[in-house]
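# A look at the structure
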Amino acid sequence: ASAAAADPMIAAERHCLHCFDVLSAHFAGREPPPPQFATGVECPLFVTWNRRPLSIRGHPQLRGCIGCLKPLPLTSLREYALNSALRDRRFAPMRASELPEMQCTVQLLGRFEPCGGCTDWTIGTHGVTISFVDAAGTHRSAVYLPDVMPEQGWDHWQALDSLVVKSGCAEPITDA
């Protein structure tokens, strides 16, 4: 058996197919079939929908991406498949007619480790999350999954600058 078949913490095709089943059932007004994978594990997860064909630059055309860094039961894929397709505030809700053009990615996140510095992570291998309090005392946070930096062509500093902006912070970025 493959590693994905043996390890429920590794996202596999069946997780993505379940997301398609959930969204298709939603549009048809029926209940989706039960998941065809072990649901007794918990992990942080993200569901991303991209439109095919890829953009001119060869990068996915993001249509929705929502997830959670808190460990959730894998049954939560149902909720996150719908949320990312229908409730990502950056996009209009997906329509049933778009479903044949979509590709789905499921990311089941595992180990989180602190960085030894701002560039102590590998682009394309590691995702990045930041959390800080701005000058007004507002808690800010943002996350990028591992594939975002290579897709955007960002180096470490460009990714961190973008994360600060993504967090909603409009202040100039400083060493602090």
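A short tour of the structure in this document, coming up. Because the structure is a prediction, the values reported are computed rather than measured.

Attention now moves to helix H2 (residues 13-28). Structurally, the α-helix is built with 3.6 residues per turn, so residues lying three or four positions apart point the same way. Between its terminal C-alpha atoms H2 stretches 22 Å, which fits the 22 Å expected from 16 residues at 1.5 Å a residue. Within the sequence span of H2, burial applies to His 15, Cys 16, His 18, Cys 19, Val 22, Leu 23 and Ala 25. Packed against the buried residues of H2 are strand S1 (42-51), helix H3 (77-86) and strand S3 (102-108).

Here we take up the sheet that holds S3. What holds strands together in a sheet is hydrogen bonding between their backbones, with the strands either parallel or antiparallel. The strand order S2-S1-S3 describes an open sheet built from three strands, whose pairing is antiparallel. Strand pairing shows two members of the sheet lacking a second neighbour, strand S2 (61-73) and S3, which therefore form its edges. Between one strand axis and the next, the sheet turns by 10 degrees as a mean value, whatever way the strands run. As judged from the seven bridges shared by S1 and S3, these two strands associate in the antiparallel manner. Its bridge partner lying in S3, Phe 46 is registered against Gln 107. Contacts from H2 reach S1 and S3 within the one sheet, and its direction differs from that of S3 by about 125 degrees. Where H3 meets the sheet, it contacts S1, S2 and S3, and its direction lies at approximately 150 degrees from that of S2.

Turning to the pattern of salt bridges, a few remarks are in order. Scanning the model with the defined rule gives seven salt bridges in all. In this structure, Glu 31 and Arg 78 form a salt bridge, with 2.9 Å as the shortest nitrogen-oxygen distance. Placement of the pair is Glu 31 in the loop between H2 and S1 and Arg 78 in helix H3, with a sequence separation of 47 residues. On the accessibility criterion, Glu 31 (55% relative accessible area) is exposed. Salt-bridge contacts for Glu 98 lead to Arg 51; the nearest nitrogen and oxygen are separated by 2.9 Å. Within this pair, whereas Glu 98 is found in the loop between H3 and S3, its partner Arg 51 is found in strand S1, the two being separated by 47 residues in sequence. For Arg 51, a relative accessible area of 23% puts it in the partly exposed group.

Definitions and cut-offs
- Residues numbered from 1 in each chain as written.
- Predicted model: local features only at pLDDT ≥ 70, side-chain atom pairs only at ≥ 80, totals over all residues.
- Heavy atoms only, no water.
- Helix = DSSP H or I, 4+ residues; strand = E, 2+ residues; numbered from the N terminus.
- Expected span 1.5 Å × (residues − 1).
- Buried < 20%, exposed > 50% of the residue type's maximum accessible area, 1.4 Å probe, protein only.
- Contact = heavy atoms within 4.5 Å.
- Pairing = 2+ DSSP bridges.
- Axes fitted to C-alpha atoms, helices over the stretch in contact; angles between N-to-C directions.
- Salt bridge = Lys/Arg side-chain N within 4 Å of Asp/Glu carboxyl O.

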